[in-house]
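Chain by chain, the residues run as shown.
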Amino acid sequence: MANCPDPGLPRVTVRHEYIGWRSYQISPFTSVKDVKQMIYEETNFPVIEQRLAHNGRVLGDGVLIGALVPAGSPEVSITLEGRGLIGGGRFGQTTPPLVEFLKDILRRYPEGGQILKELIQNAEDAGATEVKFLYNEREYGVESLWSANMAQYQGTALYVYNDAVFTSEDWNGIQEIARSRKRDDPLKVGRFGIGFNSVYHITDVPGIFSGDQIALLDPHQTLFGVHESGQCWNLKTDLKEITELADQFAPFIGILGSSEKTIKDGSFPGTLFRFPLRMKPSQLSGNIYNKEKVLELFESFKADADTVLLFLKSIQKISLHVRECDGTERMLFQVTSAENRNDKLERPNALKTLSQAVDSYNNGVPTSKITSITYMVTTETQEEAAKESQRMTWLVCNGVGGRGLCAELDSLADELKFMPTIGIALPLSLADKEDKGATSGFSGRAFCFLPLPPGEESETGLPVHVSGFFGLTDNRRSIKWREVDQWRDPAALWNEMLIRTVAPRVYFTLITDTVRRVQSDRGQNFSLPPAGTYRAWPDPKLVKSRWKPILEPLYEDLLKEKVIFSLSMSWVQVEQVVFSELDSDKDFSETVIHYLQSSGMQVAKVPAVVDSVLTAYITESSTVKKVTASLLRQVMRKHKHKGPSKEKLLLLEFALSDANYSDLIGLELLPLQDGTFTTFSSSVTEKDAVYIASEEYPRSLYPGLEGRFLSENIKSSVMGSLKKAAKSRVLGLSSFHTYSCISTGVMELISLWSCWGVMKPRLL
């Protein structure tokens, strides 16, 4: 295939029977020796073993390529020969034919919506802000074509547009099917590497229109000549041929911003891919595509389209379109992302900070810190048939590990050309609903910039989405993990270390920044209520084993911060708060909490996930204080209750709930019939005795002793507990037979002494 980036430079094509052909665009002053070195770098074919011949003549190392270029042509063809083995014939490993190579990629690479994601990745790498997918049913003319064989590719096609223009590196990269440009730039998600070739599931002849050039790829090498896998035209230098082959180029005109004026102006301000649908099986693939299958692709993409923009830095809009035979075009679906409406510069500034951190890492600037920064994003999806769009607000935190944070991580980054980056996204609320908090039933998934295919492999058990510069399996469907048979796999080791070192700190920043925003916003613009911050906390019982290394370092730092929201509307540390597990349906719950708060205590009610975290990661039980009957009794000894008697009765009910009756001594909680309260005591004087009336011996039989009887206006459950207290004798109660020796505490009247006014009680 002729290369297109700079028509002014010569191109040398080197052919060899076994290693295939190699094509280089070079300076005319490049020597034959320089070309040999290029071949060595690509094939490991030793320079000393190479012989380059042109028109049957072996070339010396000092010959300049410019001297071989024929007049009127920018190309020169050279044959590579090897000296072979002494005493033997030709020997060596060979590369498979192009079609076989691509078929192997298709066998390993997933069909479906992932194809569209690969094209989105390419656009993201190019810095595009918008991507459009269009199914075009229109058939184009077949009169003026490159060859008659091209007619079969003039029918229905899938188009993909983005608003970035191909660079010279892009034109080269799309031809180098076995190598990803990411090797040279770790920030490139997958630019024209193996992933792009997944389009051959759909088509046999991809077309590219970008800037001032149009190119067609032909992996079968049958359309443009033997061993020619494509052709390229320049809008400026090849305008005459483009005009003569009007039908050939008609599918690129009048669609997605391209027009006849574009051709005349000599430049298209974007990139337009055209993938003619495969109508019959080919040597490359037996997949037949039609409108129904393209729409299935669209539906597959829509399944997680609401999250596809979360971790992308450039693309802000993706749409799906259909163009009917009559030229009518309609939009089926659209997803957009928008900045924080109250701070338009928040995300751009955050991305600038992250870019600087990446540059520092690439330049080897030493730092053991992780640069983490958050910003809000609102994604909006619009269905063709839906009356209203659906919006979701997210808080996204991205982090970049510093050079020096972990020596082994740095070593792997240099070896793999990876970057220690992690992104975490927390769903906040439906932007058009009021205070709904994080979506119910939300399930966190793994991303590698874009969401990995749904399924068990991408499930994390976390309440957030996590994206990372992860090493993926060959089919790019899942993250690599170390297994018994690949324990030393560097990409798998990298993934584990990235999760263990960078992810916890980024997660920590996400949660603490969520709290900070709730504090400062007071619910005006930040759509998460204070209690909603706990939804970002991973539940140790739910997190998948691969992701558990995040938890311990995360909670080790988090539990030292003021991340607990108390019922007094304050943010406090774990050690400063008392956790209430009281049933809100219990009458005493509100009174107990209010009393503890009035005594200067911070009380909080937290969801089960926080309780699980405290159980798992707070080793000293004394550090976590909970609202218990024991705690209430302890506080009441220091802070006398000054509220109404109704509240005091409720406090008594809770104080009795654990049946630790001996701990009641000294508390002024014993209610008397005259409306006063007396103190639980262990003394045995007559004046301290309190009686419980019974049906057999009602209080009416003892006038003037109201101050000695337990109040009858208490709950039966409380009365039952007090009777148990009397029976348990833990208050020092015992049985006596004379009135003067009645034991202190609560006692029940059983019978009367024969003399008037003298009672003979029996303590139970």
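Residues numbered from 1 in each chain as written. Predicted model: local features only at pLDDT ≥ 70, side-chain atom pairs only at ≥ 80, totals over all residues. Heavy atoms only, no water.

1. A few points about the overall build of the protein chain
Point 1. The helix and strand tally for the protein chain stands at 18 helices and 30 strands.
Point 2. Looking at the 764 residues of the protein chain, the share that counts as buried comes to 51%.
Point 3. The contacts in the protein chain between residues at least 6 apart in sequence include a share of 66% that link residues at least 24 apart.
Point 4. About 35,100 Å² of surface is accessible on the protein chain, with carbon and sulfur atoms providing 49% of the total. (Helix = DSSP H or I, 4+ residues; strand = E, 2+ residues; numbered from the N terminus. Buried < 20%, exposed > 50% of the residue type's maximum accessible area, 1.4 Å probe, protein only. Contact = heavy atoms within 4.5 Å. Areas by Shrake-Rupley, 256 points an atom, 1.4 Å probe, with all protein chains shown as cover.)

2. Examining the pattern of salt bridges
Point 1. The tally for this structure, following the rule as stated, stands at 34 salt bridges.
Point 2. Here arginine 633 makes a salt bridge to aspartate 658, at a shortest N to O gap of 2.8 Å. Note that arginine 633 is positioned in helix α16 (residues 629–638) and aspartate 658 in the loop between α17 (645–655) and β25 (670–671), a separation of 25 residues in sequence.
Point 3. A residue is classified by how much of its surface remains accessible, and aspartate 658, at 35% relative accessible area, is partly exposed.
Point 4. One continuous salt-bridge network, built from bridges that share partners, spans Glu137, Lys291, Glu324, Arg330 and Glu384. (Salt bridge = Lys/Arg side-chain N within 4 Å of Asp/Glu carboxyl O.)

3. Side note on the sheet that holds strand β24 (residues 625–626)
Point 1. Judged by pairing direction, the sheet is parallel, and its three strands sit side by side in the order β23-β22-β24 without closing on themselves. Two strands bound the open sheet, and with one partner strand each, they are β23 (602–604) and β24.
Point 2. Two elements, strand β22 (residues 577–579) and β23, share three bridges in a ladder whose sense is parallel. The partner of valine 578 across the bridge, within β23, is valine 603. (Pairing = 2+ DSSP bridges.)

4. Looking at unusual backbone geometry
Point 1. For leucine 256, which is not glycine, the phi dihedral falls at a positive 50 degrees.
Point 2. Here leucine 256 is to be found in the loop between α6 (246–249) and α7 (260–265).
Point 3. Although it is not a glycine, phenylalanine 449 adopts a positive phi angle of roughly 70 degrees.
Point 4. Residue position: phenylalanine 449 is located in the loop between β17 (446–448) and β18 (450–451).

5. Examining the packing of aromatic side chains
Point 1. Taken as a whole and assessed by the stated rule, the structure comprises 24 aromatic pairs.
Point 2. For the pair tryptophan 481 and tryptophan 547, a centre-to-centre distance of 5.9 Å together with 80 degrees between the ring planes defines the contact as edge-to-face. Here tryptophan 481, found in the loop between β19 (465–468) and α11 (490–501), pairs with tryptophan 547, found in the loop between α12 (503–521) and α13 (551–558); they are 66 residues apart in sequence, far enough to count as distant. Just as tryptophan 481 is buried, tryptophan 547 falls in that class too.
Point 3. Members of the aromatic cluster, each reached through a chain of ring pairs, are Phe166, Trp171, Phe196, Phe273 and Phe275.
Point 4. Positioned above the aromatic ring of tyrosine 289, the side-chain terminus of lysine 293 is 4.5 Å from the ring centre.
Point 5. The ring of phenylalanine 677 is capped by lysine 648, whose NZ or CZ atom sits 4.9 Å from the centre of that ring. (Phe/Tyr/Trp six-rings, centres within 6.5 Å; stacked < 30°, edge-to-face > 60°. Lys NZ or Arg CZ within 6 Å of the ring centre and 35° of its normal.)

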